[in-house]
Amino acid sequence: MTVVVAEGQRTRRTAALALVAVTAVWGSTFGLSKDLITRLPVADYLGPRYLVAATVLLTVCPRLLRGMTPHTLKVGIGLGTLYAAAQLLQFHGLAHTAPTVSAFVVAMYVVFTPLLAATVPGRGVDRSTWLAVAVATAGVGVMSLRGWAFGGGEAMTLLAALLYAVHILALGRWARAGEAFAVTFLQLATMGVLLTTVGAADGLTLPSRADLPTFAYLAVFAGTITLLVQTWAQGHLDSGQAAVLMVLEPVWAAVFGALLWHEALGPRTLGGGALVLAAMLMVVARPAAEPLPEPPTSHA
């Protein structure tokens, strides 16, 4: 029994560190995405990006099609639809609010996730996770907020945060580590089809040749690889803990902003980042919990 618990603890910590690496890649995309969106409409940028990501994953692992079941189809398509809607709301909300306020509002999924998890029978949230949520939220607030007037942009971003929380909770509940490739492909393909359809409604604008290296990075590394790792990692973590780890994204964004775009790291950024890092360490150092029961299969 001791060996099993120790192995579970190692796997959980590996999953946590993998999710931290995912947030680092996400953080590196802020400046790149902001630049591309000055030349491409939001849906025209997101749709082809996810279609390319899905194509890359299928090319590398064509055997994932053999693992398709009614369960994976429903989970993958449902998760992809949630994420596509959240992305549209977040990016359109960003056009109507300050980036720092948007970063704080969208990070509210770290609060929504355990709140929603607490309503699911058998999926209560322990005190250590709530404490990490509070510390992470305070950290993002210190980093981001410079005054806030709530309007349409903030409302769209807050709804996006709620959808991200639902996605995190659903991924942790229904996705299984052994189905990571199939579920990831279905999510990417669903997002790609839906968002490209939205973009094509008024004519699709594709990235220029000069933008292709950036677009390839965003599609493959920040699309295929990160979603695959996230899907696997959440098979080994509580949803509330995953949300705390993923809120590291704005910390990485600040680091890459300073390193690549020479943005200043002021005392508030450093202090808020330290709080978020403290919340991350609280999650990583948490003792392993009892394994959750396997979710029921879908009755197709």
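For clarity, every value in this text was computed on a predicted model and none was experimentally measured.

Thresholds applied
Residues numbered from 1 in each chain as written. Predicted model: local features only at pLDDT ≥ 70, side-chain atom pairs only at ≥ 80, totals over all residues. Heavy atoms only, no water. Helix = DSSP H or I, 4+ residues; strand = E, 2+ residues; numbered from the N terminus. Buried < 20%, exposed > 50% of the residue type's maximum accessible area, 1.4 Å probe, protein only. Contact = heavy atoms within 4.5 Å. Areas by Shrake-Rupley, 256 points an atom, 1.4 Å probe, with all protein chains shown as cover. Salt bridge = Lys/Arg side-chain N within 4 Å of Asp/Glu carboxyl O. Phe/Tyr/Trp six-rings, centres within 6.5 Å; stacked < 30°, edge-to-face > 60°. Lys NZ or Arg CZ within 6 Å of the ring centre and 35° of its normal. pLDDT = per-residue confidence, 0-100. Lys, Arg positive; Asp, Glu negative; His and termini not counted. Polar contact = N/O pair within 3.5 Å; in protein donor to acceptor, adjacent residues only side chain to side chain. UniProt positions renumbered as here; feature names shortened; annotations may be inferred. Core = buried A, V, L, I, M, F, W, Y, C linked by side-chain atoms within 4.5 Å. Patch = residues over 30% accessible without salt bridge, like charges linked within 9 Å, V, L, I, M, F, W, Y side chains within 5 Å. Axes fitted to C-alpha atoms, helices over the stretch in contact; angles between N-to-C directions. Left-handed = near helix turned anticlockwise from the far one by under 90°. Nonpolar A, V, L, I, M, F, W, Y, C, P; charged D, E, K, R; others polar.

Considerations on the overall build of the chain
Regarding its fold elements, the chain presents twelve helices and zero strands. Order of helices (α) and strands (β) in the chain, N terminus to C terminus: α-α-α-α-α-α-α-α-α-α-α-α. Sorting the 300 residues of the chain into buried and exposed places 49% on the buried side. Expressed as a percentage of contacts within the chain between residues at least 6 apart in sequence, the contacts between residues at least 24 apart total 92%. Here the chain has roughly 13800 Å² of accessible surface; of this, 71% comes from carbon and sulfur atoms.

Let's talk about the pattern of salt bridges
Using the criterion set out here, one finds two salt bridges in the structure. For arginine 39, the salt bridge goes to aspartate 35, with nearest N and O atoms at 2.8 Å. You can call arginine 39 partly exposed: its relative accessible area is 41%. Taking the shortest distance from any N to any O, the salt bridge between arginine 39 and aspartate 211 comes out at 2.9 Å. Taken together, the positions of arginine 39 in the loop between helix H1 (2-37) and helix H2 (42-60) and aspartate 211 in the loop between helix H8 (180-200) and helix H9 (212-233) put the pair 172 residues apart, joining distant regions of the chain. Through salt bridges that share partners, Asp35, Arg39 and Asp211 make up one connected network.

Describing the packing of aromatic side chains
For the structure shown, the criterion picks out five aromatic pairs. Where tyrosine 109 meets tyrosine 164, the ring centres are 6.4 Å apart and the plane angle is 75°; that geometry is what we call edge-to-face. Linking tyrosine 109 in helix H5 (residues 109-117) with tyrosine 164 in helix H7 (residues 152-174), this pair joins segments that are 55 residues apart in sequence. Each member of the pair, tyrosine 109 as well as tyrosine 164, is classed as buried. Taking the centre distance of 6.3 Å and the plane angle of 35° together, the rings of tryptophan 252 and phenylalanine 256 count as tilted. In this pair, tryptophan 252 and phenylalanine 256 both sit in helix H11 (residues 249-261), four residues apart, roughly one turn of the helix. On the basis of relative accessible area, phenylalanine 256 is assigned to the partly exposed category, the value being 22%. Every member of this aromatic cluster is reached through a ring pair, and the members are Tyr83, Tyr109 and Tyr164. A cation over a ring is seen here: arginine 173 above tryptophan 174, with NZ or CZ 5.5 Å from the ring centre.

As for the confidence of the model for the chain
Of all residues in the chain, 87% have pLDDT values of 70 or greater, and the mean over the chain is 83. Here residues 288-300 is a poorly scored stretch, pLDDT under 50, and it has 19 contacts once near neighbours within four places are set aside; other chains count.

Description of the side chain of aspartate 44
Locating aspartate 44 in the fold gives a position in helix H2. Here aspartate 44 sits buried without a salt bridge, and the closest side chain of opposite charge, arginine 39, lies 13 Å off (N-O distance). In this structure the side chain of aspartate 44 is engaged in a polar contact, spanning 2.6 Å, whose partner is the backbone nitrogen of threonine 205.

What to know about the UniProt feature "transmembrane region" (unreviewed entry) in the chain
On the UniProt side, "transmembrane region" (unreviewed entry) is annotated at positions that read residues 47-65, 101-118, 130-149, 155-174, 181-200, 212-230, 242-261 and 267-285 here. Span residues 47-65 is 74% helix and 0% strand, its end C-alpha atoms 22 Å apart. Across residues 267-285 one finds 95% helix and 0% strand; the C-alpha atoms that close the span lie 27 Å apart.

Thoughts on the nonpolar core
Core analysis: the largest hydrophobic core is formed by 71 residues, its most contacted members being Tyr109, Val110, Leu188, Met191, Val244, Leu245 and Val247. For this core, the leading source of residues is H2, giving eight residues. Sequence-distant contacts of tyrosine 109, defined by excluding residues within four places in its chain, comprise Pro114, Ala161, Tyr164, Ala165, Ile168, Ala243, Met246, Val247 and Glu249.

Some points on a nonpolar patch on the surface
Together, Leu159, Leu162 and Val166 make up a nonpolar patch on the protein surface, roughly 200 Å² of accessible area in all. The topology assignment puts leucine 162 in helix H7. Look at leucine 162 and you get partly exposed, because its relative accessible area is 32%.

Observations concerning the packing of H2 against helix H3 (residues 70-94)
Their axes nearest at 10 Å, the elements H2 and H3 cross at an angle of 145°. Crossing of H2 against H3: the hand is right-handed. Together, Val42, Ala43, Tyr45, Leu46 and Tyr50 of H2 and Tyr83, Gln87, Leu88, Phe91 and His92 of H3 make up the contact between the two elements. Grouping the constituent residues of the contact of H2 with H3 by class yields eight nonpolar, two polar and no charged.

Looking at the environment of threonine 29
Tracing the sequence through the fold places threonine 29 in helix H1. For the pair formed by threonine 29 and tyrosine 217, sequence separation is 188 residues and the distance between their alpha carbons is 9.0 Å. Not counting residues within four places of it along the chain, the set of residues in contact with threonine 29 comprises Tyr217, Leu218 and Ala222. Engagement of the side chain of threonine 29 in a polar contact is seen with the backbone oxygen of tryptophan 26, the distance being 2.6 Å.

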